[in-house]
Amino acid sequence: MARNKMLRFTTLEQEYPSKRPAELRREDFEEIYSAFEPKAAEDQASRCEQCGIPFCQIHCPLGNNIPDWLMLTANGRLEEAYAVSSATNNMPEICGRICPQDRLCEGSCVLEQSDHRSVTIGAVEKHITDTAWAEGWVKPRTPEKENGFSIGIIGAGPAGLAAAEQMREKGYAVDIYDRYDRVGGLLMYGIPGFKLEKYVVERRVKLLQDAGITFHPNTDVGKDITFADLRAKHDAILIATGVYKARMLSCPGAGLTGVKRALDYLTASNRTDLGDTVEEFESGVLDAKDKNVVVIGGGDTAMDCVRTAIRQGAKSVKCLYRRDRDNMPGSQREVSNATEEGVEFVWMAAPEALLGDEDNRVTAVRAVRMHLGVADSSGRQTPQPIEGSQFNLDADLVIEALGFEPEELPVLFEEPELAVTKWGTVKTDHKTLMTSIPGVFAAGDIMRGASLVVWAVKDGRDAAERMDEYVRAAAEQTAGEPSKLARAS
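Here the structure is a predicted model, which means the values were calculated and not measured.

**A few points about the packing of helix α15 (residues 300–311) against helix α16 (residues 332–341)**
Where α15 meets α16, the axes come as close as 10 Å, and the angle between the chain directions of the two elements is 20°. Relative to α16, the element α15 lies roughly parallel. Between α15 and α16 the crossing geometry is left-handed. Judged by residue contacts, Met 303, Asp 304, Val 306, Arg 307, Ile 310 and Arg 311 of α15 engage Glu 334, Val 335, Asn 337, Ala 338 and Glu 341 from α16. For the contact of α15 with α16, the class distribution of residues is 5 nonpolar, 1 polar and 5 charged.

**Comments concerning the environment of Trp 347**
If you trace the backbone, Trp 347 turns up in the loop between β9 (344–346) and β10 (349–356). Between the C-alpha atom of Trp 347 and that of Arg 323, which follows or precedes it by 24 residues, the distance is 6.1 Å.

**Regarding the pairing of β10**
Pairing geometry for β10 and strand β11 (residues 362–375), over 7 bridges, is antiparallel. If you follow Ala 349 over to β11, its bridge partner there is Arg 369. The antiparallel hairpin formed by β10 and β11 contains 5 residues in its connecting segment, where Asn 360 sits at a positive phi of about 60°.

**Notes on the environment of Glu 125**
As for its position among the elements, Glu 125 is in helix α8 (residues 121–135). Residues Glu 125 and Ile 66, 59 residues apart in the sequence, show an inter-C-alpha distance of 8.7 Å.

**A look at the confidence of the model for the chain**
Averaged over all residues, the pLDDT of the chain equals 94, while 97% of them reach at least 70. Between residues 484–489, whose pLDDT stays under 50, and residues either more than four places distant or in other chains, the model counts 16 contacts.

**A closer look at the sheet that holds strand β3 (residues 214–216)**
Taking strand neighbours across the sheet as the criterion, the 5 strands line up as β3-β2-β1-β4-β16 in an open arrangement whose pairing is parallel. Here the strands that pair on one side only, and so sit at the sheet edges, are β3 and β16 (440–442). Put simply, the sheet's adjacent strands are angled 20° from each other on average, direction ignored. Looking at chain direction, strand β1 (residues 150–154) and strand β2 (residues 173–177) are connected through 5 bridges and run parallel. The residue bridging Ile 151 from the neighbouring strand is Val 174, located in β2.

Scoring rules and cut-offs
Residues numbered from 1 in each chain as written. Predicted model: local features only at pLDDT ≥ 70, side-chain atom pairs only at ≥ 80, totals over all residues. Heavy atoms only, no water. Axes fitted to C-alpha atoms, helices over the stretch in contact; angles between N-to-C directions. Helix = DSSP H or I, 4+ residues; strand = E, 2+ residues; numbered from the N terminus. Parallel < 35°, antiparallel > 145°, perpendicular 65-115°, else oblique. Left-handed = near helix turned anticlockwise from the far one by under 90°. Contact = heavy atoms within 4.5 Å. Nonpolar A, V, L, I, M, F, W, Y, C, P; charged D, E, K, R; others polar. Pairing = 2+ DSSP bridges. pLDDT = per-residue confidence, 0-100.

Rendered as structure tokens:
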């Protein structure tokens, strides 16, 4: 392998794929970045320093072999690069699009710590896998033989999908149950098309179907099928439901008409973009057109909301966040994109009350300026209000983007034996990922709390390994009789 094509960071500047102009991308929900030209991708990959200690890989939750597939890309060996990339990641083209690389691999790149700026890892990852799809290199991962055992997965988001693919390749019959009508979880309904066009998710789902995985959409566990029935049907169960319970504002006026939850708003927009008729969007309730919009929060969901409102034709869009830009949890790249598109950020301010008219419709957010005080137990400085600094922001639509919490699964599943943590997440053994119920495992946000897609994929892969170990061990104790291990436990 020709090493002279690497370490070119001294002669090649960092370049990302070109972005469509802000005035054009404001008008649609298509992805904003163009594809890398092959030569540009090779050049950018060749900037890699091939570190002895690859901090990019260390700080990737999946431990992706980033230096290796960068070297392969630089030398035009894309099919091999895809083989390396997909060996550790079940959806590299999705992670390449939506991972906050500035907080993970690229932010940890040694070049980023110098004056040379990081390798454009995410864009190269996307290029590799999109090329693999175009060339027909992406194939369903089918088993050499069936093993006679059955796995049930609750939740068709990234953790569930990753676990399903791993288990199917091992020979398991895999059934995925999801309450929604389409597969993908937040990939489908929570992330706007300008970050992740839906055909990308749909082709990945089709690949899993072609591998023999069975999907059961519109199936709400606890209502349409009982948790007990699932345990009786399958040899092991994985809970990968994600976290969907929104954190709500607690200030006066939070119940006014026009105050909406972020996920409701994003789901309506995504459904409309997919061609569905959404009553609350058609009526204007969840449509930002011609409205003064205030989004409260500073995470990636808040960024999705403000950029969606811009595309819906809002009169004005403001993001209200109680800390400064350096301390916000969302991607800095997304802040830059939003700013280019016309979003106004109101830093160091928090809502004190929501004001309304005689019809109880929200008309303004009364906010108060903040300053950062002493650090809390996490090391972050605690925002403190500045006395007498109140001001108003006009608002016809206020979107709460304050994060998500777990639903009460023991209640929803009618399974009181399912133990949860003090935060409501499903409690698991940190080594086996098994819950308090034998044969029942958990992965993704419902186990770790609201987090990133890449962590969900990691958890799904880990859970698959632990479930396989459990089923095989249980089979030895029950003479290997399929589909009865969960009941025997």
